[in-house]
Amino acid sequence: MNLIQFMGAVELGLLYGLVAMGVLLSFRILDFPDLTVDGSFPLGGAVCAILIVSGFDPWLATFCAILAGMAAGFTTAWISVRWNILHLLASILTLTALYSINLRIMGRPNIALLGETTIFSPLEESNLHNLFTLPTAMFILATLVLLLLYRFLSSEKGLGMRATGANIRMAKAQGVSVNRQIFLGLALSNGLVALAGALYSQSQGFADLSMGPGTIIAGLAAVIMGEALFNPKVILTALMACVLGSILYRLVTAIALNMGFLGLHTQDLPLVSAVLVGIAMVTPRLRAKILDFKASRS
Amino acid sequence: MIRMTDLHVTFNRGTAMENKALRGVTLDIKKGDFVCVIGGNGAGKSTLLNALCGDIFPDTGKILIDNKDVTSLSTWQRAPYVARVFQDPMAGTCANLTIEENLALAMGRGMKRTLRMALNKDYREKFRTQLGRLKLGLENRLKDPIGMLSGGQRQAISLIMAVLQPMKIIALDEHTAALDPKTAAFILELTREIVEENHLTALMVTHSMHQALELGNRTLMLHKGRVVFDVQGEKRQGLKVSDLLELFHKASGLELDDDSLLLS
């Protein structure tokens, strides 16, 4: 692995750190396993790309992508809360519909953004442009989102949302409007993921329908690896752990794919991901078992 | 004042499991009343409390709180009027939030939750004072996850959480049933203190006849979804458990055969 590949993995890790924070919000904080993200990531990319090639300002395009993602999250919440449908199924419905909707939005399976003005264009045109510019920009963005999210989750509203996921009976008894929290949380989560999709299409120079599948596993991998490695106890460290987990996940998969003797190709990425997530999920249990075993012997 | 009129609740209506949990309960609770509700398994006491809190909607009947009809309001909409302590200490607090976050959450009961920070110096100061009265040393552990505490400690915090904001009634749902006798006695004493100090109106569901006579100013017994007796004032003074059994016998023509009720 050379420096270019390394920085590329870090950049992608930071970008998917946004996805990871979105997944942390739904899976962990709201306790709502939401697969919509596999559709809202390409949705963000699609909305952003079509607006940019239609001549809109890239910042406006990115903003619209966030709104589109929020709408997707809102839809899943509505199906689940309003019609009392299991969260996983509700998100699968939205996700399936989004396949068609994304294609409708783009009008074709992919849109190239080469030569278009993106929010990253000023960086690329500046004298300072080098290997580190984009990763630095991503780092700043991810940090900004992390701090905003942390501030929100520490607020009265945010605390109500955390209680909704942790103990819904208690949250209700304390006057938290739990249904609204689910709407808000899923909208936020998918808005974040769509933002990541918009940034992805702009930094990679294209939007493609195929960029969706695998988003949820990347987000989950980051969250679970972060938890396994850093064992976060408070919300700030949980947020940081999932971003670090995301970077690590990209590095490990890049290394695995680069190890010639393994004979892995790019198309083996989902397999590598699944194995990684599996290991990360089993590790804490194994560790507990070993500790139990040691305790029982002494 | 709380007025519950002719409440009927049926579970699993139209199935073989149909269960008429409440069959026309009418109950007026005056401001400052401390009502102890007693009854055996399946008497309907938890259903009554859940109906008051909004967890269950009655098939028919009305619930008024200070002349406001709350019958169709859901639990979270009723939270400004009803504070609640659950039977299960795990249910009333959030294990993975810290002690101070749990208290901050209760500070928001009945208030609009904004984007302001949920915790600040004033709140922490207030929490420390409130926790200090328990003499459990919890005032120095504000940042510990509440899941690290024992059931009794969590139940004590639940009581404190309940009275952080004003309410019309506090609903205590067998809140000492899951505790060992010593801890239960501590929580019961704390309940008495807190209710008296804050001049609260309370509805306490209990399994123990002793508790139902020891605490409060009014004892009410449910049996098969109906009120069998309701004693207060002079009539209640000096009553013993054996008198309650007598009352039950007179009212229902039955002998009480619920061991759990007689033994506790």
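Residues numbered from 1 in each chain as written. Chains lettered and ligands numbered in written order. Predicted model: local features only at pLDDT ≥ 70, side-chain atom pairs only at ≥ 80, totals over all residues. Heavy atoms only, no water.

(A) Focus on the overall build of chain B. When its secondary structure is counted, chain B shows 10 helices and 10 strands. Computed over its C-alpha atoms, the radius of gyration of chain B comes to 19 Å, within 12% of the 18 Å expected for a compact globule of 264 residues. Seen through its C-alpha atoms, chain B measures out along the principal axes to roughly 60 × 40 × 35 Å. For chain B, the residues scored as buried account for 51% of the 264 residues in total. A sequence separation of at least 24 residues applies to 67% of the contacts in chain B between residues at least 6 apart. Accessible surface for chain B amounts to roughly 12,100 Å². Of this, 51% is attributable to carbon and sulfur atoms. Each charge class in chain B was averaged separately, 34 positive and 31 negative side chains, and the resulting centres sit 6 Å apart. (Helix = DSSP H or I, 4+ residues; strand = E, 2+ residues; numbered from the N terminus. Rg over C-alpha atoms; globule rule 2.2 N^0.38 Å. Buried < 20%, exposed > 50% of the residue type's maximum accessible area, 1.4 Å probe, protein only. Contact = heavy atoms within 4.5 Å. Areas by Shrake-Rupley, 256 points an atom, 1.4 Å probe, with all protein chains shown as cover. Lys, Arg positive; Asp, Glu negative; His and termini not counted. Charge placed at Lys NZ, Arg CZ, Asp CG, Glu CD.)

(B) Geometry of a nonpolar patch on the surface. Residues and elements named next belong to chain A. A cluster of nonpolar residues, Met1, Leu3, Ile4, Phe6, Leu131, Phe132, Ile255, Met259, Phe261 and Leu262, forms a patch on the protein surface that exposes about 950 Å² of accessible area. With 3 residues, the top contributor of residues to the nonpolar patch is helix α1 (residues 3-29). With respect to the helices, strands and loops of the structure, phenylalanine 132 is situated in the loop between α5 (121-125) and α6 (133-153). Note on phenylalanine 132: relative accessible area 40%, which makes it partly exposed. (Patch = residues over 30% accessible without salt bridge, like charges linked within 9 Å, V, L, I, M, F, W, Y side chains within 5 Å. Salt bridge = Lys/Arg side-chain N within 4 Å of Asp/Glu carboxyl O.)

(C) Examining the sheet that holds strand β7 (residues 169-173) of chain B more closely. All names here are of chain B. Read from one edge to the other, the open sheet built from 6 strands follows the order β6-β7-β8-β3-β9-β10, with strand pairing classed as mixed. Both outer strands of the open sheet, β6 (82-85) and β10 (226-232), are each paired with one neighbouring strand and no more. Strand after strand, the sheet turns through a mean of 20 degrees between neighbouring axes, direction not considered. Of the pairings in the sheet, the one linking β7 to strand β8 (residues 202-206) comprises 4 bridges and is parallel in character. Bridge pairing in β8 links alanine 171 to leucine 203. Set on the sheet, helix α1 (residues 45-53) makes contact with β3 (34-38), β6, β7, β8 and β9 (218-223); between it and β7 the angle comes to about 145 degrees. (Pairing = 2+ DSSP bridges. Axes fitted to C-alpha atoms, helices over the stretch in contact; angles between N-to-C directions.)

(D) Structural context of unusual backbone geometry. Residues and elements named next belong to chain B. Not every positive phi belongs to a glycine, and aspartate 6 is a case in point at roughly 45 degrees. Residue position: aspartate 6 is located in strand β1 (residues 2-11). Note on aspartate 6: relative accessible area 37%, which makes it partly exposed. Although it is not a glycine, asparagine 67 sits at a positive phi angle of roughly 65 degrees. The residue asparagine 67 is located in the loop between β4 (60-65) and β5 (68-69) in this model.

(E) Region of interest: the interface of chain A and chain B. Every contact between the two is made by 21 residues of chain A and, on the other side, 29 residues of chain B. Between chain A and chain B, roughly 2,400 Å² of surface is buried when both sides are summed, and carbon and sulfur atoms account for 61% of that area. When the shortest N-O distance is used, the salt bridge between arginine 162 of chain A and glutamate 101 of chain B registers 2.9 Å. Among the secondary structure elements, those contributing two or more residues to the side of chain A that touches chain B are α6, α7 (156-166) and α8 (168-173) of chain A. In terms of residues, the side of chain A that touches chain B owes the most to one element, α7 of chain A, which gives 7 residues. For the side of chain A that touches chain B, the class distribution of residues is 7 nonpolar, 7 polar and 7 charged. (Buried area = accessible area lost by both parts, 1.4 Å probe. Nonpolar A, V, L, I, M, F, W, Y, C, P; charged D, E, K, R; others polar.)

(F) Quick look at the packing of aromatic side chains. Residues and elements named next belong to chain A. The tally for this structure, following the rule as stated, stands at 7 aromatic pairs over all chains. Aromatic pair tyrosine 200 and phenylalanine 206: ring centres 6.3 Å apart, planes at 80 degrees, arrangement edge-to-face. An aromatic cluster is present here, built from Tyr16, Phe41, Tyr200 and Phe206 joined pairwise through their rings. Between the NZ or CZ atom of arginine 82 and the centre of the ring of tryptophan 83, over which it lies, the distance is 4.1 Å. Taking the ring centre of tyrosine 16 as reference, the NZ or CZ of arginine 250 above it sits at 4.1 Å. (Phe/Tyr/Trp six-rings, centres within 6.5 Å; stacked < 30°, edge-to-face > 60°. Lys NZ or Arg CZ within 6 Å of the ring centre and 35° of its normal.)

(G) The arrangement of the packing of helix α3 (residues 58-82) of chain A against helix α4 (residues 87-106) of chain A in detail. Residue and element names in this part refer to chain A. As a packed pair, α3 and α4 sit with axes 8 Å apart at the nearest point and diverge in direction by 140 degrees. Between α3 and α4, the angle falls in the class oblique. Between α3 and α4 the crossing geometry is right-handed. The residues of α4 that touch α3, namely those facing Ala72, Thr75, Thr76, Ile79 and Ser80, are His87, Ala90, Ser91, Leu93, Thr94 and Leu98. Across the contact of α3 with α4, the residue classes break down as 5 nonpolar, 6 polar and no charged. (Parallel < 35°, antiparallel > 145°, perpendicular 65-115°, else oblique. Left-handed = near helix turned anticlockwise from the far one by under 90°.)

(H) Representation of the nonpolar core within the structure. Counting 63 residues, the largest nonpolar core has Leu15, Met21, Phe41 and Leu199 of chain A as the members making the most contacts within it. Elements with a contribution of two residues or more to this core: α1, α2 (37-53), α6, α9 (178-204), α10 (215-230), α11 (235-258) and α12 (269-297) of chain A. Broken down by element, this core gets its largest block of residues, 14 residues, from α1 of chain A. When neighbours within four sequence positions are excluded, methionine 21 of chain A is seen to be in contact with Ala142, Val145, Leu146, Leu149, Leu192, Leu239, Cys242 and Val243 of chain A. With 60 residues, the next largest nonpolar core counts Leu138, Leu172, Ala202 and Leu244 of chain B among its residues. (Core = buried A, V, L, I, M, F, W, Y, C linked by side-chain atoms within 4.5 Å.)

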